Amino acid sequence: ALLLGPLAVDAAHEGKGIGSALMRAAIGEATRRGHGAILLVGDAPYYERFGFFADKTQHLMMPGPFERGRFLALELKSGWLEGAAGMLVAAGRRLSA
Ligand SMILES: CC(C)(COP(=O)(O)OP(=O)(O)OC[C@H]1O[C@@H](n2cnc3c(N)ncnc32)[C@H](O)[C@@H]1OP(=O)(O)O)[C@@H](O)C(=O)NCCC(=O)NCCS
């Protein structure tokens, strides 16, 4: 799974669809590369429109404090996070650009 963020759009250009375009591009690229899921911490009312929900992370923990209702995930492969539990750890490898 990938951890996505931070996502920010210049306040002068908010509401023009840039954030949505960036999210769609990231989700599309992650799918194309064969990843199983994307996790992020953010505002659920914004990210739910892209399919991110907190129920997918209910048994996962992040190192350090986090708000459970803002810890969201999208499965790119159906069932990828089923049974996933415990602390997130880095995979320890870099992917080529
Ligand atoms: C959140 C953010 C990335 C959205 O980027 P954007 O280019 O303005 O988004 P879009 O134009 O694609 O989408 C705008 C829609 O998202 C909604 N939206 C924006 N921020 C939102 C939030 N925090 N919660 C719920 N909805 C939000 C807008 O009301 C608008 O809704 P509409 O389509 O019904 O009119 C941008 O507002 C931002 O940088 N905010 C500050 C940093 C931040 O909060 N980052 C992400 C959360 S961790």
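First things first, this report covers the structure right here in the doc.

Parameters at a glance
Residues numbered from 1 in each chain as written. Predicted model: local features only at pLDDT ≥ 70, side-chain atom pairs only at ≥ 80, totals over all residues. Heavy atoms only, no water. Pairing = 2+ DSSP bridges. Helix = DSSP H or I, 4+ residues; strand = E, 2+ residues; numbered from the N terminus. Core = buried A, V, L, I, M, F, W, Y, C linked by side-chain atoms within 4.5 Å. Buried < 20%, exposed > 50% of the residue type's maximum accessible area, 1.4 Å probe, protein only. Contact = heavy atoms within 4.5 Å. Salt bridge = Lys/Arg side-chain N within 4 Å of Asp/Glu carboxyl O.

### Some points on the sheet that holds strand β4 (residues 71–75)
Taken together, the three strands give an open sheet; going across it, the order is β1-β2-β4, and neighbouring strands pair in mixed fashion. With partners counted over all chains shown, the strands left at the sheet margins are β1 (2–3) and β4, one partner each. One ladder, built from two bridges, connects β1 with strand β2 (residues 37–41); its direction is parallel. Opposite L2, over in β2, you have I38 as the bridge partner.

### Description of the nonpolar core
Generally speaking, a soluble globular protein has its nonpolar side chains buried in company with each other. If you look at the biggest cluster of nonpolar residues, it comprises 12 residues: M23, I27, A30, I38, L40, A44, Y47, F50, F52, L72, L74 and L76. When residues in this core are grouped by element, the largest group, three residues, is from helix α1 (residues 18–32). Excluding anything up to four places from it in sequence, M23 contacts L4, L7, L40, Y47, F50 and F52. Among the nonpolar cores identified, the runner-up in size contains seven residues, and A37, L60, A73 and L81 belong to it.

### Thoughts on the pattern of salt bridges
A full pass over the atoms with the stated rule returns four salt bridges. Residue R32 is joined to E29 by a salt bridge in which the shortest nitrogen-to-oxygen separation is 2.6 Å. Of this pair, R32 and E29 are both found in helix α1, three residues apart, which corresponds to roughly one turn of the helix. A relative accessible area of 31% places E29 in the partly exposed class. The shortest N-O distance in the salt bridge between D43 and R70 comes to 2.2 Å. Separated by 27 residues along the polypeptide, D43 in the loop between β2 and α2 (44–47) and R70 in the loop between β3 (60–61) and β4 bring together distant segments of the chain. When its relative accessible area of 26% is taken as the criterion, R70 is described as partly exposed.

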